[in-house]
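# Residue-level structural notes
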Number of protein chains: 2
Amino acid sequence: MKVSQTFIPTLREVPADAVIVSHRLMFRSGMIRKLANGLFAYLPLGLKSFRKVERIIREEMDAIGSLEIKPTVVVPGELWKESGRWETFGDGMLRVKNRLDNDFVVSPTAEEAFTSIVRDELNSYRQLPLSLYQINTKYRDEVRPRYGVMRGREFVMKDAYSFHTNDESLDEHYQAMGRAYRRIFKRCGLTVIPVKADSGAMGGSGSEEFMVESEVGDNTLLLCKSCEYAANVEKAACKPDFNPRPSVELARAAASSTPPLEKIDTPEVKTIEELCGFLKTNAKTFIKTLIYKAVNVELDLREAPGCSKLNRVKLAPEAPELYPEAFFAVAIRGDLDVNEVKLAAQLKASEVMLAADTDVVRLTGCPVGFAGPVGLASLPVIVDHTVTALSDAVTGALAKDLHYKHAAYGRDFEAWLIADVRTVKAGDRCPLCGGELYEKKGNELGHIFKLGYKYTKSMNVSYLDVDGKSAIPTMGCYGIGLDRTLASVIEEHHDDDGIIWPVTVAPYQVIIVPIKYDGAVKEFADRIAGDLEKSGLEVLLDDRDERPGVKFKDADLTGIPFRLVVGDKNLAGDNPKVEVKRRSEKENRLVEAGKVVEELSRLIQNEIAELNK
Amino acid sequence: MKVSQTFIPTLREVPADAVIVSHRLMFRSGMIRKLANGLFAYLPLGLKSFRKVERIIREEMDAIGSLEIKPTVVVPGELWKESGRWETFGDGMLRVKNRLDNDFVVSPTAEEAFTSIVRDELNSYRQLPLSLYQINTKYRDEVRPRYGVMRGREFVMKDAYSFHTNDESLDEHYQAMGRAYRRIFKRCGLTVIPVKADSGAMGGSGSEEFMVESEVGDNTLLLCKSCEYAANVEKAACKPDFNPRPSVELARAAASSTPPLEKIDTPEVKTIEELCGFLKTNAKTFIKTLIYKAVNVELDLREAPGCSKLNRVKLAPEAPELYPEAFFAVAIRGDLDVNEVKLAAQLKASEVMLAADTDVVRLTGCPVGFAGPVGLASLPVIVDHTVTALSDAVTGALAKDLHYKHAAYGRDFEAWLIADVRTVKAGDRCPLCGGELYEKKGNELGHIFKLGYKYTKSMNVSYLDVDGKSAIPTMGCYGIGLDRTLASVIEEHHDDDGIIWPVTVAPYQVIIVPIKYDGAVKEFADRIAGDLEKSGLEVLLDDRDERPGVKFKDADLTGIPFRLVVGDKNLAGDNPKVEVKRRSEKENRLVEAGKVVEELSRLIQNEIAELNK
């Protein structure tokens, strides 16, 4: 392909809103253009790389027996109402009414569509396992789309959904997906950090995220300096720095020598810091109590304290009850923070947030700052594990300017639920090996997840098992964001001058730069381009009437892995030569003109083989 | 691929709403499933054929130098407001508001998006011509989606847009597109009827539709029995069956011997038929006058009769004025019908419809049934060509129970606009050769169109021409519906038992049917499948534990071009054989097992070569 015959509008300047490297370079190299905030058009160069990522993903999906289908992008709202997510998905879902006033959704994900397709076709266990995928447009109505295609509103995702008769079958496919994902990222030249949700205390083995390091990542990762442990802060656990008390009895026993509960006056003392100063002790002996509001709670709260008055709605017959709103108290050791994602997971809530002051006052009967678990009967109290180890603690006494001393879990209060809801931080200890944890920011490129029966139950999917009885299949889902993957390749492979493509994802593998596209140079450049293409390579020939410096700058910017410079001087004489340079290296070398096709083919095949290994 | 490892849910029964063959067969063969009215999911078998159509289109676009890009499916409403189509596109466009209350459109077409991309990048004439295309999801909010993917709400279209410095360059690319479209359809095994808008009296050479015959087609085509003429009834012309009068002077001269205009009482006579009976003459000497309402008229009507009171809005500075609503009288020979599409085209209106009775009375000052062009000053009068030939006609006299006799165009009334607005019918004469025209129903698969300056003007696209002056590019657009194309292949290639795929679009080229997938038969079937795949063919192996009859029926239904039956009997002995049958033929023949790979490869290569020729 000649540069003059394609459309690669390279730029020297950088748009003001492009703060990350991949956004800047995709824009400057003419790969993408912005149509609106969070909406990008891929231009020819960008699309070529995009299609390569797509092909790699397709090959790896096909290789593990997942079958490609193509549902629509716009899907009936009806399906989302069946699954219950019409209410719970939130504003990120673009809802549309058509001219007949029917509800539709511009798919943000496709559990519903795939489950509905399988539901209609599934009869017998003999049809299972079944794994289906699509590579298709998705839309999420991000409030603040940014970082170019890394966090756009519209994007392309490969999403797969699998259906199984049992956990073993699901696990087998889940593992195959995990291996396929590793191969996909490796083939794209990406270093990913696989983050398992089950590494550590959380239990289960149902989820793995594939992260890449990024300064502006959405996710905070905790990694161990000594072992392979990697966790999303949303789920990270750590080695206990306390004596866990596995039962109320043990806790009570541990408090046997604790003096009785004692009320103390703490006038004008509200923060933990002030209290530490006042009592001359440290935060590790405090029980901090926070009141949270949780939205869309899918737990049975009928017996929970203070929940009789809650507004609750019933989902499908077999689904649990859904509480649009419920309040909880969370007691945690004074030096720690509550991790809201872990808390939401414990509550099966779509979201949790600190309760408004007015709600706190209403629910605790005291001003903000004096909540405590002792005597708190109006709310379900969630006790963090750390608190179970406290047998002589200070905590709020549910009255203005009053705290308790000598509060002991098990003796003075119990829990509605004991859970790990602490935020793990750099410096905490690895839950696997006890090594020191450190933090990294990361972006999620892929996620594999055992869904279980969530959708197959709510959407009434069933089949006849080997005994002719009706059974419900278990399900997995597996996603990769293509745009993000492509942008991440650039984040990992670039220098100050531009992109440095791995050959597998490069829009072209070779760029030919004639010093002046004229006479013998032109003739040679055309011929060598033809020969390289015949040997299966993808070649861009810079036939523009520009100074060599401009062409070199553009070649560096667009990042094509191999540059071939054709000039009069090197072509002259008995032994004509051309200059070959890898984009990733500083030095170039002269290769005999007659050997250049063979040489480049070999280099590129080797590099592809290395990445595909 | 083994049948047991893919997902091809074939069916014997037909869904009630599937009235056309392609819908029935795509459903029964497990190619598609319905998600909702007008929304279909392609299952693995359907998607394989879909991707082949996609690849053929991509190859042909690339071959003529059009460059693939990928804008978003959801685009900002802002762009549609710039072009003016936010108002004029109608309810077929799915409009969405996001959480920030911004307007978006789920693209029904992409002139705006492409024009906006090019606008931002275009500086110099050196960048032109530029042709860009996408193969992407589109959505049209059809009121009555039907016929399966033939007329769905969501569909995939290849749409290309080209930009040029002059008409010659546009025409060159337009012609190349026309040739590419012919190749695309030929390679898909489709017989298309190219319908040019310029064949006949309409003038211009700006549009060509590619139609396939279909009983349930959206379009009525008029074809000539004697020559190649083919036109959409929306634009069809015919050979005049009257003496055209090219000027008012000639018309006046022709009326020199006509008796003077005479009012006649026609009590209780309202229809043309009644009038014919009453006056003992025929409809060809009548002037029928109809009052039309036109919506979104893009004509300068400031000087038109009766238009001073019209509500008009101004578009962009350089765009013409847009009238949200305007009324017109249309005079046409009594035996003919007005073609509303031709009329709308003449008026540059988005739609025209017969005016309501109340409007007719208000505008003509007389009851419905007595309108006529003589003395009609309150409306612009559009005179069909046929009326220019009438120098002694009967027409309404703008008063209850009164008509005129001896009305003559040129003498008694003139036209605001003379135009061809008649509906051409079967039996009319070909405008090219005078042969008899006949009708066919057709579906449009593709359309190529010279847009001119419509979008580049309204959206302010400009470049510096060779003299450094600012100029506006001219534009073409070119679309093909992929879903329709695929469905049309089935419409053309099927029999009572199922689909008969052309090899180029077949999901697999060979199906191997082992009589019983066991022992030597299994071994041979596996080996031959492997050998065929190694030689580059796409093979489906029916490894199910089903009766041969069931497998044969499914093979016929799914329409795979070559069937290979492997059975014990033929395999036995010194000279093992397998049965080879083309889907399109009744007879099978025995081929030596050792030669079957070579034989099938040859047959398939020949067939592909024939279609690609």
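For clarity, every value in this text was computed on a predicted model and none was experimentally measured.

## Considerations on the overall build of chain A
Assigned secondary structure in chain A consists of 17 helices and 32 strands. Principal axes of the C-alpha set define a box for chain A whose edges measure 100 × 65 × 45 Å. When the 613 residues of chain A are sorted by exposure, 58% land in the buried category. Excluding contacts between residues fewer than 6 apart, the proportion of contacts in chain A whose partners are at least 24 apart in sequence is 72%. If you sum the accessible surface of chain A, you get close to 25,400 Å²; carbon and sulfur atoms cover 49% of it. Here chain A holds 83 positive side-chain charges and 92 negative ones, and the gap between their average locations is 1 Å.

## Description of the packing of aromatic side chains
Enumeration over the complete set of coordinates arrives at 16 aromatic pairs over all chains. Through pairs of rings, three or more aromatic residues link up here, namely A:Tyr181, A:Phe185 and A:Phe210. Taking the ring centre of B:Trp86 as reference, the NZ or CZ of B:Arg95 above it sits at 5.0 Å.

## Things to note about the interface of chain B and chain A
Facing 55 residues of chain B, the contacting portion of chain A comprises 55 residues. Carbon and sulfur atoms supply 66% of the area that chain B and chain A bury against each other, a total of about 4,600 Å² over both sides. Together, B:Leu35, B:Lys70 and B:Arg99 form the three largest contributors to the area buried by chain B at its contact with chain A, with a combined 17%. For the pair chain B and chain A, the interface holds six salt bridges. In this structure, A:Asp91 engages B:Arg99 in a salt bridge whose closest nitrogen and oxygen atoms are separated by 3.9 Å. Per-class residue counts for the side of chain B that touches chain A are 33 nonpolar, eight polar and 14 charged.

## Topic: the domain arrangement of chain A
Many structure descriptions define interface size as the accessible area lost when the parts assemble. Residues and elements named next belong to chain A. With domains assigned, chain A is organised as domain 1 (47-237 + 439-489), domain 2 (248-419) and domain 3 (501-612). For domain 1 and domain 3, the distance between their C-alpha centres works out to 40 Å. At the interface, eleven residues of domain 1 touch twelve residues of domain 3. Summed over both sides, the interface between domain 1 and domain 3 buries roughly 980 Å², with carbon and sulfur atoms accounting for 55% of that surface. Together, Lys48, Lys52 and Arg187 form the three largest contributors to the area buried by domain 1 at its contact with domain 3, with a combined 51%. Scanning the region where domain 1 abuts domain 3 turns up one salt bridge. When the shortest N-O distance is used, the salt bridge between Lys52 and Glu538 registers 2.5 Å. At the level of secondary structure, the elements contributing two or more residues to the side of domain 1 that touches domain 3 comprise α2 (44-63), α6 (167-187) and α13 (482-492). Tallying contributions element by element places α2 first for the side of domain 1 that touches domain 3, with five residues. Among the residues making up the side of domain 1 that touches domain 3, the classes are represented as five nonpolar, two polar and four charged.

## Focus on unusual backbone geometry
Look at the link from A:Leu128 to A:Pro129: it is a cis peptide, with omega at 0°. Here A:Pro129 is to be found in the loop between α5 (111-121) and β7 (130-139). Backbone geometry at B:Asp101 places phi at a positive 70°, although glycine is not the residue there. With respect to the helices and strands, the residue B:Asp101 is situated in the loop between β5 (94-97) and β6 (103-106). On the accessibility criterion, B:Asp101 (52% relative accessible area) is exposed.

## Comments concerning the relation of the copies chain B and chain A
In screw terms, the move from chain B to chain A is a rotation of 180° and a rise of 0.0 Å along the axis, fitting with an RMSD of 0.2 Å. Put plainly, the chains are arranged around a two-fold axis. Ranked by how close their C-alpha atoms come to the rotation axis, the residues of chain B are headed by B:Val96, at 2.8 Å. When the interface residues of chain B are mapped onto chain A, 100% of them are again interface residues, pointing to one common binding face.

## A word on the sheet that holds strand β32 (residues 588-592) of chain A
Strands pair in a sheet through their backbones, by hydrogen bonds, and they do so in one of two ways: parallel or antiparallel. Residue and element names in this part refer to chain A. If you trace the five strands from one edge of the open sheet to the other, you get β29-β28-β30-β31-β32, paired in mixed fashion. Of all the strands in the sheet, just β29 (539-541) and β32 have a single pairing partner and so form its edges. Neighbour to neighbour, the strand axes of the sheet diverge by 25° on average, direction disregarded. Relative to β32, strand β31 (residues 577-582) runs antiparallel, the two being bridged by five bridges. Residue pairing in the sheet places Val578 in a bridge with Val591 of β32.

## A few points about the packing of helix α1 (residues 21-28) of chain A against α13(A)
Residue and element names in this part refer to chain A. At a minimum axis separation of 8 Å, α1 and α13 run at an interaxial angle of 100°. The angle between the axes of α1 and α13 places the two elements in the roughly perpendicular class. Touching Val21, Ser22, Leu25 and Met26 of α1 are Leu486, Ala487, Ile490 and Glu491, all from α13.

## Overview of the pattern of salt bridges
Enumeration over the complete set of coordinates arrives at 101 salt bridges over all chains. Measuring nitrogen to oxygen at the nearest pair gives 3.0 Å for the salt bridge that ties B:Asp554 to B:Arg544. Placement of B:Asp554 in helix α15 (residues 548-558) and of B:Arg544 in the loop between β29 (539-541) and α15 is noted, with a sequence separation of ten residues between them. Its relative accessible area of 7% is what places B:Asp554 among the buried residues. A single network of salt bridges, built from pairs that share partners, joins A:Arg51, A:Glu54, A:Arg58, A:Glu68, B:Arg51, B:Glu54, B:Arg58 and B:Glu68.

## As for helix α8 (residues 272-279) of chain A
Residue and element names in this part refer to chain A. For α8, the set of buried residues is Ile272, Leu275 and Cys276. Down the axis of α8, the buried side of the element spans an arc of 105°, and every buried residue falls inside it. Along its buried surface, α8 packs onto β14 (286-297), β19 (393-396) and β20 (402-407).

## Looking at the packing of helix α14 (residues 519-534) of chain B against helix α17 (residues 596-612) of chain B
Residues and elements named next belong to chain B. Orientation of α14 relative to α17, taken along the N-to-C sense of each, is 40°, at an axis distance of 10 Å. Between α14 and α17, the angle falls in the class oblique. Every pair of crossing elements has a handedness; the one defined by α14 and α17 is right-handed. Of the residues in α17, those in contact with Ile528, Asp531 and Leu532 of α14 are Val596, Val597 and Leu600. Its residues assigned to classes, the contact of α14 with α17 comprises five nonpolar, no polar and one charged.

## Thoughts on the nonpolar core
Generally speaking, nonpolar side chains in soluble globular proteins are found buried as a group. Judged by nonpolar contacts, the single largest core of 80 residues is most densely connected at A:Val106, A:Leu132, B:Val106 and B:Leu132. Residues contacting B:Val106, with those up to four places away along its chain left out, are A:Val74, A:Val106, B:Val73, B:Leu94, B:Val96 and B:Tyr139.

## Re the environment of A:Tyr161
All names here are of chain A. Position of Tyr161 relative to the elements: it lies in strand β8 (residues 154-164). Judged by its relative accessible area of 1%, Tyr161 is buried. Between the alpha carbons of Tyr161 and Gly479 there is a distance of 8.8 Å; along the sequence they are 318 residues apart. Filtering out sequence-adjacent residues up to four positions away, Tyr161 remains in contact with Thr109, Ala110, Glu111, Phe114, Leu130, Ser131, Leu132, Met475, Gly476, Cys477 and Tyr478. Only 3.5 Å separates the side chain of Tyr161 from the side chain of Thr109, close enough to count as a polar contact.

What counts and how
Sequence order as written defines residue numbering, which begins from 1 separately in each chain. As they are written, the chains are lettered A onward and the ligands numbered 1 onward, keeping that order. Reporting of local features is limited, given that this is a predicted model, to residues whose pLDDT is at least 70; pairs of side-chain atoms are given and counted only at 80 or more, and all residues count toward the totals for whole chains, interfaces and linings. To get the side-chain values, all heavy atoms of the structure are used, and hydrogens and water are removed first. The numbering of helices and of strands both runs from the N terminus, where a helix is a DSSP run of H or I of at least 4 residues and a strand a run of E of at least 2. For the exposure calls, accessible area comes from a 1.4 Å probe over protein chains only, and a residue counts as buried if that area is under 20% of its type's maximum, exposed if over 50%, partly exposed in between. Should any heavy atoms of two residues lie within 4.5 Å, those residues are considered in contact. Using a 1.4 Å probe, the Shrake-Rupley method yields the accessible areas, and only the shown protein chains count as cover for residues. The charged-residue count follows a simple rule in which Lys and Arg add positive charge and Asp and Glu add negative charge, with His and chain termini not counted at all. Note that the charge is assigned to NZ on lysines, CZ on arginines, CG on aspartates and CD on glutamates. Stacked, edge-to-face and tilted are the three classes for Phe, Tyr and Trp ring pairs, Trp counted by its six-membered ring, which pair at centre distances within 6.5 Å; planes under 30 degrees apart are stacked, over 60 edge-to-face, the rest tilted. Definition used: whenever NZ (Lys) or CZ (Arg) falls within 6 Å of the ring centre and also within 35 degrees of the ring normal, the charge is taken to sit over that ring. Each of two parts loses accessible area, computed with a 1.4 Å probe, when they are put together; buried area is these two losses added. By definition, a salt bridge exists where a carboxyl oxygen of Asp or Glu is found within 4 Å of a side-chain nitrogen of Lys or Arg. Residues are grouped as follows: Ala, Val, Leu, Ile, Met, Phe, Trp, Tyr, Cys and Pro are nonpolar; Asp, Glu, Lys and Arg are charged; all remaining types, including Gly, are polar. For the purposes of this description, domain bounds are those given by an automatic or database domain assignment. Superposing copies: least-squares fit, C-alpha atoms only, residues required to have pLDDT of at least 70 in both. If DSSP finds at least two bridges between two strands, the strands pair. What counts as an axis is a line fitted to C-alpha atoms, over the stretch in contact for a helix, and the angles between N-to-C directions run from 0 to 180 degrees. For classification purposes, an angle smaller than 35 degrees is called roughly parallel, one larger than 145 roughly antiparallel, one from 65 to 115 roughly perpendicular, and anything else oblique. The directions considered for the arc run from the helix axis to the C-beta atoms. Helix crossings get a hand from a simple test, with the near helix turned counterclockwise from the far one by less than a right angle marking a left-handed crossing and a clockwise turn marking a right-handed one. Residues grouped as a nonpolar core are buried Ala, Val, Leu, Ile, Met, Phe, Trp, Tyr and Cys residues, joined through side-chain atoms within 4.5 Å. Identification of polar contacts relies on pairs of N or O atoms within 3.5 Å, with a donor-acceptor requirement for protein atoms, meaning one able to donate a hydrogen and the other able to accept it, and with residues adjacent in sequence counted only if both atoms are side-chain atoms.

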